[in-house]
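So the chains spell out like this:
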Amino acid sequence: MKKLGALVLLLGLLGTAFAVLAHWELRAAAMSETPPSADSLPLTKIVCPELFDEGSSATRPAELANVAFRRILIVGGASFFAATLGVLLLTRRRRD
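All of these numbers come straight from a predicted model, not from anything done at the bench.

Quick word on a nonpolar patch on the surface
Then, in step 1: Together, Met-1, Leu-4, Leu-7, Leu-10, Leu-11 and Leu-14 make up a nonpolar patch on the protein surface, roughly 610 Å² of accessible area in all.
Then, in step 2: When you line up the elements, Leu-4 lands in helix α1 (residues 2-31).

Structure (structure tokens):
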């Protein structure tokens, strides 16, 4: 059970780090003076590929960015839950 707890904790921490870095990346792109390219935002491209899709040019960029922020929040929340579950599995005591 300890190995499973360590694995879940590691996956939760990696997912949380991914969500934090994607959030920073998207906020930095929103604050920049020049429009970002898909190559300069690899994490955001993973979370919300339609942000850089030419077919979705009719949708306002603010709506697409809002969708990306919501997805990042979902990934971060699920990862934080997984990390918490991993800690609980690591600290669980076996009953004799």
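Looking at the confidence of the model for the protein
Then, in step 1: Chain-level statistics for the protein give a pLDDT mean of 85 and a share of 93% at 70 or above.
Then, in step 2: Across the protein, the element-wise mean pLDDT spans from 85 in helix α2 (residues 42-47) up to 90 in α1.

Quick look at the environment of Leu-4
Then, in step 1: A residue is classified by how much of its surface remains accessible, and Leu-4, at 43% relative accessible area, is partly exposed.
Then, in step 2: Distance in space between the C-alpha atoms of Leu-4 and Asp-39 is 36 Å, their sequence separation being 35 residues.

Here we look at the nonpolar core
Then, in step 1: Among the nonpolar cores identified, the biggest contains seven residues, and these are Ala-19, Ala-22, Leu-26, Val-47, Cys-48, Ala-68 and Ile-72.
Then, in step 2: For this core, the secondary structure elements donating two or more residues are α1 and α3 (61-91).
Then, in step 3: Counting residues per element, this core draws most heavily on α1, at three residues.
Then, in step 4: Setting aside residues no more than four positions away along its own chain, Val-47 makes contact with Phe-18, Ala-22, Ala-68, Arg-71 and Ile-72.

The rules behind the values
- As a convention, each chain's residues are numbered from 1 in the sequence order in which they are written.
- Where local features are concerned, this predicted model is filtered to residues with pLDDT of at least 70; where side-chain atom pairs are given and counted, the filter is 80 or more; whole-chain, interface and lining totals use all residues.
- Each side-chain value is worked out from all heavy atoms of the structure, with water and hydrogens disregarded.
- Like-charged residues are merged into a patch within 9 Å and nonpolar side chains (Val, Leu, Ile, Met, Phe, Trp, Tyr) within 5 Å, provided each residue has over 30% relative accessible area and no salt bridge.
- The Shrake-Rupley method, run with a 1.4 Å probe sphere, supplies the accessible areas, and residue values consider only the shown protein chains as cover.
- A pairing counts as a salt bridge when a side-chain nitrogen of Lys or Arg comes within 4 Å of a carboxyl oxygen of Asp or Glu.
- Helix and strand labels come from DSSP, where a helix needs a run of H or I of at least four residues and a strand needs a run of E of at least two; each type is numbered from the N terminus.
- pLDDT measures the predictor's confidence residue by residue and takes values from 0 up to 100.
- Three labels apply to residues, based on accessible area from a 1.4 Å probe with only protein chains included: buried if under 20% of the type maximum, exposed if over 50%, partly exposed otherwise in between.
- Put simply, a nonpolar core is a bunch of buried Ala, Val, Leu, Ile, Met, Phe, Trp, Tyr and Cys residues held in one set by side-chain atoms that sit within 4.5 Å of each other.
- We call two residues contacting when some pair of their heavy atoms lies within 4.5 Å.

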